[in-house]
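Secondary and tertiary structure notes
The residues making up each chain are set out below.
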Amino acid sequence: LAPPEVARFRVGLRWAEPHLDPITPEWRFAVAATNRVVDEFSWQRYRHGDRSLFYEVAPRDLAQQRERLHAAIDEAVRRRATVLVLPELCATHALADELTASDRLAHLPLVALGSFHETTAPATPGRNRCRVLARGVELTTHDKFSDFHLEDEGDTPDDPAVRRHEHLIADDAVAGFDLLIGASNAVVVLICKDALDTRVAALVQELAPTVVLVPAMSPKTRPFETLAERLADVPQAFTVVAVVTEEHAAIFGRPGSKRPDAPPVTKRTCAEPKVFVFDLGGQETD
């Protein structure tokens, strides 16, 4: 299925029965907006040769972030969510371990647990990893394969602006993603920039998943809206995006008409941490 320009990607076909439930009218899709601005995070800056890099992105206030993550998961359970997506890099390796080992996720049929920068030696490449769980059982992990870059102005006005790349392990032998397959369902998880490459989006469309989950951290959300619109049309998939951004923190795409009174993509912003829950029709629900 892969065109030559993305043929290097590994696509794993992973049988996930009996963990993947079939989609029914009772499904509810939850997006946790845990953070609104990137300033709530810290990261390490350094250079390797002529490359400017960053890694070890983590919430500045770990105690507060633990409370937010617990509150978001508990709220999704209370509101009977079927799917929960948390934002990119909303956790640390230790926080993700803690949540995975707890029983908080046992009542959620499908969770994309945000992501974290894997713990490594200082100033060395690592992985931006999302754990995917069904009722607390880990189905797979997705490692981001597209490094993000930013124009970093530094900490003071005197710091020169540099283009700084996320320092991810470059391993073409394992770069790619899994298609989780059930008898009546198929799920893909991508992290932020993974989903923004139109060639990758086209490959995902050819695989025809029913649900696409995207933890993200991005100043712009329009590309995710475009992806959700494409997948709502062909192959008619549900798209759930959780974003750390000052724009839309929650994006939900669903198969449906393109009438102005029934758009296929719903977008929400918020000023404080919040959990948005959508039904199959794209309406918010309690």
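Notes on the structure follow.

About the cut-offs
Residues numbered from 1 in each chain as written. Predicted model: local features only at pLDDT ≥ 70, side-chain atom pairs only at ≥ 80, totals over all residues. Heavy atoms only, no water. Helix = DSSP H or I, 4+ residues; strand = E, 2+ residues; numbered from the N terminus. Rg over C-alpha atoms; globule rule 2.2 N^0.38 Å. Buried < 20%, exposed > 50% of the residue type's maximum accessible area, 1.4 Å probe, protein only. Contact = heavy atoms within 4.5 Å. Phe/Tyr/Trp six-rings, centres within 6.5 Å; stacked < 30°, edge-to-face > 60°. Core = buried A, V, L, I, M, F, W, Y, C linked by side-chain atoms within 4.5 Å. Pairing = 2+ DSSP bridges. Axes fitted to C-alpha atoms, helices over the stretch in contact; angles between N-to-C directions. Left-handed = near helix turned anticlockwise from the far one by under 90°. Nonpolar A, V, L, I, M, F, W, Y, C, P; charged D, E, K, R; others polar. Disulfide = S-S within 2.5 Å.

Moving on to the overall build of the protein chain. Summing up its helical and strand segments, the protein chain has four helices and 18 strands in all. Whereas a compact globule of 286 residues would reach a radius of gyration of roughly 19 Å, the protein chain reaches 18 Å, a difference of no more than 12%. Principal-axis analysis of the C-alpha atoms gives the protein chain an extent of 55 × 45 × 40 Å. For the protein chain, with 286 residues in total, the buried portion stands at 50%. For the protein chain, long-range pairs separated by at least 24 residues make up 69% of all intrachain contacts whose partners lie at least 6 apart in sequence.

The next thing to look at is the packing of aromatic side chains. Inspection of every chain in the model, using the stated rule, returns five aromatic pairs. With centroids separated by 5.7 Å and ring planes inclined at 55°, the aromatic side chains of Trp27 and Phe29 adopt a geometry described as tilted. Exposure remark for Trp27: the relative accessible area of 5% places this residue in the buried category. By relative accessible area, Phe29 is classed as buried at 0%. Arranged with centres 6.2 Å apart and planes meeting at 15°, the rings of Phe238 and Phe252 form a pair that is stacked. Here Phe238 is found in strand β15 (residues 238-244), whereas its partner Phe252 is found in strand β16 (residues 250-253), with 14 residues between them in sequence. Taken together, the ring pairs connect Trp27, Phe29, Phe238, Phe252 and Phe278 into an aromatic cluster.

Take the nonpolar core next. Judged by nonpolar contacts, the single largest core of 56 residues is most densely connected at Leu110, Phe177, Val187 and Leu213. Those residues within four positions of Leu213 in sequence are excluded, and the remaining contacts are Val83, Val85, Leu110, Ala112, Val187, Val188, Val189, Leu190 and Val240. The next biggest cluster of nonpolar side chains, apart from the first, holds 20 residues, and it includes Ala72, Ile73, Cys90 and Val275.

So, on to the environment of Ala228. By the element assignment, Ala228 lies in helix α4 (residues 222-233). Ala228 sits 26 residues away from Arg254 along the chain, and the two C-alpha atoms are 7.6 Å apart. Non-local contacts of Ala228, meaning those with residues more than four positions away in its chain, are made with Thr239, Ile251, Gly253 and Val265.

Pairing within the open sheet is mixed, and its four strands lie in the order β3-β4-β11-β10. Each of the sheet's edge strands pairs with one partner strand only, and the pair in question is β3 (41-48) and β10 (149-152). Neighbour-to-neighbour, the strand axes of the sheet open up by a mean angle of 40°, direction not taken into account. With seven bridges connecting them, β3 and strand β4 (residues 51-59) associate as antiparallel partners. Among the inter-strand pairings, Phe41 is bridged to a residue of β4, identified as Pro59.

Two elements in contact, helix α1 (residues 62-78) and helix α2 (residues 93-101), have axes separated by 11 Å at closest approach and are oriented at 35°. Here the hand of the crossing between α1 and α2 comes out right-handed. In this structure, α1 contributes Leu62, Gln65, Arg66, Leu69, His70 and Ile73 to the contact, and α2 contributes Leu95, Glu98 and Leu99. Partitioned by chemical class, the residues of the contact of α1 with α2 number five nonpolar, two polar and two charged.

A word on the pairing of strand β13 (residues 185-189). Across the five residues of β13, five count as buried, placing the element largely inside the fold. On β13, burial covers both faces: Asn185, Val187 and Val189 on one face and Ala186 and Val188 on the other are all buried. Bridging between strand β12 (residues 176-182) and β13 involves four bridges; their strand directions are antiparallel. Looking at the pairing, Leu180 lines up with Val187 of β13.

Moving on: the environment of Leu190. Position of Leu190 relative to the elements: it lies in the loop between β13 and α3 (198-207). The sequence separation of Leu190 and Val212 amounts to 22 residues, and the corresponding C-alpha distance is 7.7 Å. Those residues in contact with Leu190 that sit more than four places away from it in its chain are His142, Phe145, Phe177, Ala195, Val204, Leu213, Val214 and Pro215.

This part is about the sheet that holds β12. Pairing is mixed across the open sheet formed by seven strands, whose spatial order is β1-β12-β13-β14-β15-β16-β17. Looking along the sheet, the strands with just one partner apiece sit at the ends: β1 (10-15) and β17 (265-268). This sheet shows a mean twist of 15° between the axes of neighbouring strands, independent of strand direction. With four bridges joining them, β15 and β16 adopt antiparallel strand pairing. From the neighbouring strand, Ala242 faces β16, where its bridge partner is Ala250. Running over the sheet, α3 touches β1, β12 and β14 (211-217) and is turned about 20° from β12.

Overall, the coordinates contain zero disulfides when judged by the stated rule. The structure places no disulfide on Cys90, whose sulfur is separated from the nearest cysteine sulfur, that of Cys130, by 8.8 Å. Look at Cys130 and you get buried, because its relative accessible area is 0%.

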